[in-house]
Amino acid sequence: MSKLQILTDHSIKKEVYSDFFTDFSRNSVTGQLNRKTNAEAVKQSIRNLLLTDRYERPFQPEIGSGLKGLLFENFTPGVKLRAKKMIEEVFDNHEPRAHLMDTKVTSHPDQNMLSFQIIFRIINTTEPETLEIILERTR
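A brief look at the structure comes next. (Residues numbered from 1 in each chain as written. Predicted model: local features only at pLDDT ≥ 70, side-chain atom pairs only at ≥ 80, totals over all residues. Heavy atoms only, no water.)

1. Let's talk about the overall build of the protein chain
Then, in step 1: Regarding its fold elements, the protein chain presents 3 helices and 5 strands.
Then, in step 2: Starting at the N terminus and ending at the C terminus, the protein chain contains elements arranged as α-β-β-α-α-β-β-β.
Then, in step 3: The buried share of the protein chain, taken over its 139 residues, is 31%.
Then, in step 4: Of the roughly 9700 Å² of accessible surface on the protein chain, a fraction of 50% belongs to carbon and sulfur atoms. (Helix = DSSP H or I, 4+ residues; strand = E, 2+ residues; numbered from the N terminus. Buried < 20%, exposed > 50% of the residue type's maximum accessible area, 1.4 Å probe, protein only. Areas by Shrake-Rupley, 256 points an atom, 1.4 Å probe, with all protein chains shown as cover.)

Shown next as C-alpha cells:
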C-alpha cells in the first residue's frame with residue numbers, strides 16, 4: 001500500500017446518512033439544496049418525529065409521538081414515564097438508524113414546559129449523541 005493511499009483513506013470521512021435542511025435552503029454558489037449528514041441528519045429526523053403528533057401527517061397516521069399533548073396534563077411522575085415510553089416507541093418503530101440509550105425528562109410546571117435530553121447511539125458508531133428538546137405551551 002502506498003503512502004498516498006494511506007493518507008487519503010484516513011482523511012476521507014464517509015457520509016453514511018444524509019438529509020435536506022427543513023427550510024430547503026440552497027447553497028449560494030452551486031444552487032443545490034443544503035444537506036445535513038451523519039449525526040446531524042439523524043438528530044433532525046428524531047426531532048421531526050418527536051415534534052409531530054399522531055394523525056398530523058396525511059396518509060401516515062401512525063407517524064408521530066404525541067408529546068405535545070402531555071403539556072396539557074397535570075405534571076406528575078406519570079407524565080414523565082409516559083413521555084419516556086413515547087420516545088421509546090418512536091425509536092423502536094420509526095428510526096432504525098439509532099439505538100436509544102437513555103432519556104431524561106424534566107418538567108417545569110411554572111413555565112408549562114417539558115425538557116428532554118435524549119442520549120442515543122447511531123448504528124455502527126461507538127460514541128453517543130445527545131439531543132435536547134424543549135416543549136412549551138403556546139397558549
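Having put the structure on the table, let's press on.
2. Some words on the sheet that holds strand S4 (residues 113-122)
Then, in step 1: Spatially, 3 strands are ordered S3-S4-S5 in an open sheet, and the strand pairing comes out antiparallel. Each end of this open sheet is capped by a strand with a single partner; those strands are strand S3 (98-108) and strand S5 (128-136). Averaged over all pairs of adjacent strands, the angle between their axes in this sheet comes to 15°, without regard to strand direction.
Then, in step 2: Of the strand pairs in this sheet, S3 and S4 are connected by 10 bridges, and their pairing is antiparallel. In the sheet register, Val105 faces S4, and the bridge partner there is Phe116.
Then, in step 3: Contacting S3, S4 and S5, helix H2 (residues 39-50) crosses the sheet at an angle of about 30° to S5. (Pairing = 2+ DSSP bridges. Axes fitted to C-alpha atoms, helices over the stretch in contact; angles between N-to-C directions. Contact = heavy atoms within 4.5 Å.)

3. Re the packing of H2 against helix H3 (residues 77-94)
Then, in step 1: Closest axis-to-axis distance for the H2/H3 pair is 10 Å, and the angle between their directions is 120°. Classed by the angle they form, the pair H2 and H3 counts as oblique. Crossing handedness for the pair H2 and H3: right-handed. Residues Ile46, Leu49 and Leu50 of H2 pack against Ile87, Val90, Phe91 and His94 of H3.
Then, in step 2: A breakdown of the residues in the contact of H2 with H3 according to their chemical character gives 6 nonpolar, 1 polar and no charged. (Parallel < 35°, antiparallel > 145°, perpendicular 65-115°, else oblique. Left-handed = near helix turned anticlockwise from the far one by under 90°. Nonpolar A, V, L, I, M, F, W, Y, C, P; charged D, E, K, R; others polar.)

4. Some points on the pattern of salt bridges
Then, in step 1: Following the criterion strictly, the structure yields 5 salt bridges and no others.
Then, in step 2: Salt-bridge contacts for Lys43 lead to Glu40; the nearest nitrogen and oxygen are separated by 4.0 Å. Here Lys43 pairs with Glu40, and both are found in helix H2, just 3 residues apart, close to one helical turn.
Then, in step 3: For Lys43, a relative accessible area of 16% puts it in the buried group.
Then, in step 4: Among the ionic pairs, Arg97 bridges to Glu95, the shortest N-O distance being 2.8 Å. (Salt bridge = Lys/Arg side-chain N within 4 Å of Asp/Glu carboxyl O.)

5. As for H3
Then, in step 1: Its 18 residues place the ends of H3 26 Å apart at the C-alpha level, agreeing with the 26 Å of an ideal helix rising 1.5 Å per residue.
Then, in step 2: When we look at burial in H3, the residues that qualify are Val79, Ala83, Met86, Ile87, Val90 and Phe91. Around the axis of H3, the buried residues are gathered within 135° of arc, so they sit on the same side. Turned more than 90 degrees away from the buried face of H3 sit Pro77, Leu81, Asp92 and Asn93, all of them exposed. (Expected span 1.5 Å × (residues − 1). Arc of directions from axis to C-beta.)

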